[in-house]
Amino acid sequence: MLSVLRVHLPSDIPIVGCELTPYVLLRRPDSSITTDDVSESAPLDGYYLRYKWYRIQSDRKVAICSIHPSEQATLQCLGCVKAKIAVSKSYHCTPRCFSDAWQHHRLLHDRAASSVNENGGEEEEMFGRFNSTGSAVSNTSLSGSTSSIANNSSLNNGSAPLYPTTGTERSAGETWFEVGRSKTYTPSADDIGHVLKFECVAVDAETKLSAGHVNTIMTSRVIPAPTPSPRHLVPVNGMDVMGHLDLDGRTASSGTFTVLSYNILSDAYATNELFSYCPSWALSWPYRRHNLLREIVGYRADILCLQEVQSDHFDEFFAPELDKHGYQALYKKKTTEVYTGTYAIDGCATFFRRDRFSHVKKYEVEFNKAAQSLTDAVVPITQKKAALSRLLKDNVALIAVLEAKFSNHGADTPGKRQLLCVANTHVSVQQDLKDVKLWQVHTLLKGLEKIAVSAEIPMLVCGDFNSLPGSAPHALLAMGKVEPMHPDLGTDPLGILRPPSKLTHQLPLVSAYSSFARMGVGAGLEQQRRRMDATSNEPLFTNCTRDFIGTHDYIFYTADSLTVESLLELLDEESLRKDTALPSPEWSSDHIALLAEFRCKPKQRR
């Protein structure tokens, strides 16, 4: 007989919009163990599994803290109630929570008073710790935070509909509403503040009766998905009008396009040991993938350059999900000379909107192959093993040549093709291997030079270079050379960086975000400049954890063929680090996304 041995959830804190898929361990009739599903349409030896989900609603209403959504609220801000701000933003779990958040919370009151945010609408604040106080009321029987059950035609949680009458049980002041009949359940807004119950039992396919013990899991209370502060596009020409990310109409008519670069933090590296400050539920892949997808799609970029994309997540999640939003996908997995494993290996993924670009050509750069060639050519045979041990780090780059389906050419060049070359890379992370980082960047740039000579097309170089502004790799990218006395050149045990005069390239590359420092005037630009390093003209940080803060991510472009129109605003270090670091419930990577809007320059006649 089929029997259920164990049932558990990856995370016991359910979040609105994030799938809940229990892990079910089964014993087959032949005594073998499996985790495969056994459906009613394909029973096993006359048995199948039946699933049910219930929402448990108590007679006592429960409100959720607006700052710590996994905590029950005990305080409500009277100022929010009087100002008619969204009731969900008025709740706090403790007096300390309310006090710490007061400086940011009072902005909601100010906006309501000035009618800027009359309805307490969609814009959310990121809250940190502040030593000020406000006024609130303690209320242990808060109401209005939850919704009664209603039929929701957009909710799809199993083949059976919701049964608010026949699927309801009541016991000890609790009402159990049946909300799903499939293995996976996606919490809705109606579930916020309530506990969910999952039941799994083996059923006789002929009699439809239970044939064993009913296994049950109870979750914590459902919490709303945390919402980060919206990020806007800031024009670099000095205009103080913040752009929105719905750029379809503007880009189609103006000939501009947007490019996103984002290290999304591979699930293999998102461990509780590395990021102990982030709640475990916010580190779980079911939550992070939902939150990352929502963020990435929200930027509406024409080209996406993502790093640390696991191969299984690319195949099973990002490629199909982004396909629904009109993106075509290219992928290059890291090589496996150093690290083995079919699915845990991450890589670089480049997506582009099919309505804006078509794919012309793809180049794959494997730095391991280049290392093999280098050691064969310049390293003595006795040192080859040690050299390969140092150089083989599995890093790759993905280069895509795209053709634009829009044009900003004049009438004198009708039908002229507009090509674009986009490089996406993730350079070695090991900070003591300065020579390897520089060699990898130099190898990529020499390859791009060959493409540029043959095609004469605009180029973008995006990625996580694991190199700070002012480092040798950054100098090579931004200046086209590395000064002979650069301190990074002191690390070169294999002699692969000699002579320093060879560390050059001819591509006119400029960092997109340096435009904030170089161009325009206006309040919006001044705010961004305060988030820039005055020495390097780069962001103060793109990677922010409890142990490290600095810039590792860049978007470089060829300045003779492209101009920067606008940039995605940078995040404020203070608001991020007051209470936490990255990743966090709001931001699901330890890096922040960079995005630039470009325009192709008309080619000069010779």
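Residues numbered from 1 in each chain as written. Predicted model: local features only at pLDDT ≥ 70, side-chain atom pairs only at ≥ 80, totals over all residues. Heavy atoms only, no water.

Under an unreviewed UniProt entry, the name given to the protein is poly(A)-specific ribonuclease, and the organism recorded is Papaver somniferum. The annotation that UniProt attaches to the protein under Catalytic activity (unreviewed entry) is "Exonucleolytic cleavage of poly(A) to 5'-AMP." In its Subunit (unreviewed entry) section, UniProt records this for the protein: "Component of the CCR4-NOT complex, at least composed of CRR4 and CAF1 proteins." (UniProt positions renumbered as here; feature names shortened; annotations may be inferred.)

1. Considering the overall build of the protein
Helix and strand counts for the protein stand at 13 helices and 28 strands. For the protein, the residues scored as buried account for 52% of the 606 residues in total. Accessible surface computed for the protein: about 27100 Å², of which carbon and sulfur atoms make up 50%. (Helix = DSSP H or I, 4+ residues; strand = E, 2+ residues; numbered from the N terminus. Buried < 20%, exposed > 50% of the residue type's maximum accessible area, 1.4 Å probe, protein only. Areas by Shrake-Rupley, 256 points an atom, 1.4 Å probe, with all protein chains shown as cover.)

2. Quick notes on helix 9 (residues 434–455)
Over its 22 residues, helix 9 extends 32 Å from the first C-alpha to the last, a length consistent with the 32 Å expected when each residue adds 1.5 Å. Of the residues flanking the end of helix 9, it is Glu456, one or two places downstream, whose phi is positive at about 50 degrees. (Expected span 1.5 Å × (residues − 1).)

3. Describing the packing of aromatic side chains
Under the definition given, this model contains 21 aromatic pairs. Pairing Phe275 with Tyr277 gives two aromatic rings, centres 6.2 Å apart and planes at 85 degrees, and the pair type is edge-to-face. Residue classification places Phe275 among the buried positions, given a relative accessible area of 6%. Seen in terms of ring centroids, Tyr554 and Phe556 are 5.7 Å apart; in terms of plane orientation they differ by 40 degrees. Their pairing is tilted. The exposure class of Tyr554 is buried, given its relative accessible area of 1%. Ring-pair connections join several aromatic residues into one group, and the members of that group are Phe257, Phe357, Phe406, Tyr557 and Phe598. Its guanidinium or amino end placed over the ring of Tyr54, Lys197 lies 5.4 Å from that ring's centre, counting from NZ or CZ. One cation-aromatic arrangement involves Arg353 over Tyr327; the distance from NZ or CZ to the ring centre is 5.4 Å. (Phe/Tyr/Trp six-rings, centres within 6.5 Å; stacked < 30°, edge-to-face > 60°. Lys NZ or Arg CZ within 6 Å of the ring centre and 35° of its normal.)

4. Things to note about the environment of Pro508
Mapped onto the elements of the fold, Pro508 is located in the loop between helix 10 (472–479) and strand 21 (509–511). Along the backbone, Pro508 and Phe556 are 48 residues apart, and their C-alpha atoms lie at a distance of 9.5 Å. Discounting residues that sit within four places of it in the chain, Pro508 has contacts with Tyr557, Thr558, Ala559 and Asp560. (Contact = heavy atoms within 4.5 Å.)

5. Overview of the packing of helix 5 (residues 285–299) against helix 6 (residues 311–324)
Their axes nearest at 11 Å, the elements helix 5 and helix 6 cross at an angle of 35 degrees. The crossing of helix 5 and helix 6 is right-handed. Together, Trp285, Arg289, His290, Leu293, Ile296 and Val297 of helix 5 and His313, Phe317, Phe318, Glu321 and Leu322 of helix 6 make up the contact between the two elements. Split by residue class, the contact of helix 5 with helix 6 holds seven nonpolar, two polar and two charged. (Axes fitted to C-alpha atoms, helices over the stretch in contact; angles between N-to-C directions. Left-handed = near helix turned anticlockwise from the far one by under 90°. Nonpolar A, V, L, I, M, F, W, Y, C, P; charged D, E, K, R; others polar.)

6. Details of the nonpolar core
Core analysis: the largest hydrophobic core is formed by 67 residues, its most contacted members being Phe257, Leu260, Ile303, Leu460 and Phe598. It is helix 5 that provides the largest number of residues to this core, a total of six residues. Ignoring sequence-local partners within four residues, the contact set of Leu260 consists of Ile296, Tyr299, Ala301, Ile303, Leu304, Cys305, Leu306, Ala593, Leu594 and Leu595. In this structure, Ile399, Trp439, Ile457 and Leu476 belong to the second largest nonpolar core, which totals 43 residues. (Core = buried A, V, L, I, M, F, W, Y, C linked by side-chain atoms within 4.5 Å.)

7. Some remarks on the state of the cysteines
Taken as a whole, this structure holds zero disulfides when the rule is applied. Distance from the sulfur of Cys77, which forms no disulfide, to the nearest cysteine sulfur (Cys80) is 3.8 Å. Judged by relative accessible area, which is 1%, Cys77 ranks as buried. Cys305 supplies the cysteine sulfur nearest to Cys462, a cysteine that is in no disulfide, at a spacing of 4.1 Å. On the accessibility criterion, Cys462 (0% relative accessible area) is buried. (Disulfide = S-S within 2.5 Å.)

8. Looking at the sheet that holds strand 12 (residues 233–235)
Backbone hydrogen bonds hold the strands of a sheet together, and the pairing may be parallel or antiparallel. Pairing is mixed in the open sheet, where seven strands are placed in the order 12-27-28-13-14-16-15. Sheet topology places strand 12 and strand 15 (327–333) at the edges, where each strand pairs with a single neighbour. Across the sheet, the mean angle from the axis of one strand to that of its neighbour is 25 degrees, orientation sign disregarded. Inspection of the sheet shows strand 12 paired to strand 27 (residues 562–568) by three bridges, in the antiparallel sense. Across the sheet, the residue bridging to Val234 is Leu567, located in strand 27. Lying on the sheet, helix 5 is in contact with strand 13 (256–263), strand 14 (303–310), strand 27 and strand 28 (594–600); it crosses strand 13 at an angle near 160 degrees. (Pairing = 2+ DSSP bridges.)

9. Details of the confidence of the model for the protein
Mean pLDDT over the protein stands at 85; residues scoring 70 or higher make up 83%. Within the model, the stretch residues 159–166 combines pLDDT values under 50 with 13 contacts to residues more than four positions away or in other chains. Segment residues 240–253 is flagged for pLDDT under 50; beyond a separation of four residues in sequence, or across chains, it makes 31 contacts in the model. (pLDDT = per-residue confidence, 0-100.)

10. Digging into the sheet that holds strand 20 (residues 459–464)
The sheet built from six strands is open, its strands ordered 17-18-19-20-26-21 with mixed pairing. The strands lining the two open edges of the sheet, one partner per strand, are strand 17 (357–366) and strand 21. Adjacent strand axes in the sheet meet at a mean angle of 20 degrees, parallel and antiparallel pairs treated alike. As paired elements, strand 17 and strand 18 (residues 396–404) share nine bridges and run antiparallel to each other. Opposite Glu364, over in strand 18, you have Leu398 as the bridge partner.

11. Brief notes about the packing of helix 7 (residues 367–378) against helix 8 (residues 384–391)
Relative to each other, helix 7 and helix 8 sit at 155 degrees, their axes nearing to 10 Å. By the angle between their axes, helix 7 is roughly antiparallel relative to helix 8. At the point where helix 7 passes helix 8, the crossing takes the right-handed sense. For the pair helix 7 and helix 8, contact is made by Asn368, Ala371, Gln372, Leu374, Thr375 and Asp376 and by Lys384, Ala387, Leu388 and Leu391, respectively. (Parallel < 35°, antiparallel > 145°, perpendicular 65-115°, else oblique.)

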